[in-house]
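# Breakdown of the fold
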Amino acid sequence: MAKKIPSDNNEPEKIHLQVESWEWQTTSPRWTWKHWLALAMLIAVAILFAFGFLIIASVVLIVGIILNIVFFIFRKLS
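Here's a quick rundown of the structure. Small disclaimer: the values here were computed from a predicted structure and weren't measured. (Residues numbered from 1 in each chain as written. Predicted model: local features only at pLDDT ≥ 70, side-chain atom pairs only at ≥ 80, totals over all residues. Heavy atoms only, no water.)

Within the protein, the regular secondary structure consists of 1 helix and 0 strands. The buried share among the 78 residues of the protein stands at 1%. Working note: accessible area of the protein is about 8,800 Å², and carbon and sulfur atoms make up 70% of it. (Helix = DSSP H or I, 4+ residues; strand = E, 2+ residues; numbered from the N terminus. Buried < 20%, exposed > 50% of the residue type's maximum accessible area, 1.4 Å probe, protein only. Areas by Shrake-Rupley, 256 points an atom, 1.4 Å probe, with all protein chains shown as cover.)

Below is the structure:
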């Protein structure tokens, strides 16, 4: 790796820098109906993935209870 040869001049380099503003020049984009629609769809999908197994399990449980009651009544009647 090449080494930089130090210069004989001990003065720091002069750099011309002009700062117009310390704030960002771009504005944040406004939320449109498309953003809200995408957010609502993401939340809906997240709810389905998170609680979908509970919904399916509860439906299977209710159907199983109803079938057991029906089969119990048929067994008692026969």
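More follows now that the structure is in view.
Here the structure, examined in full by the defined rule, presents 1 aromatic pair. Note on Trp31 and Trp36: the rings are 5.0 Å apart at their centroids and 45° apart in plane angle, and the pair reads as tilted. For the pair Trp31 and Trp36, one class covers both residues: exposed. (Phe/Tyr/Trp six-rings, centres within 6.5 Å; stacked < 30°, edge-to-face > 60°.)

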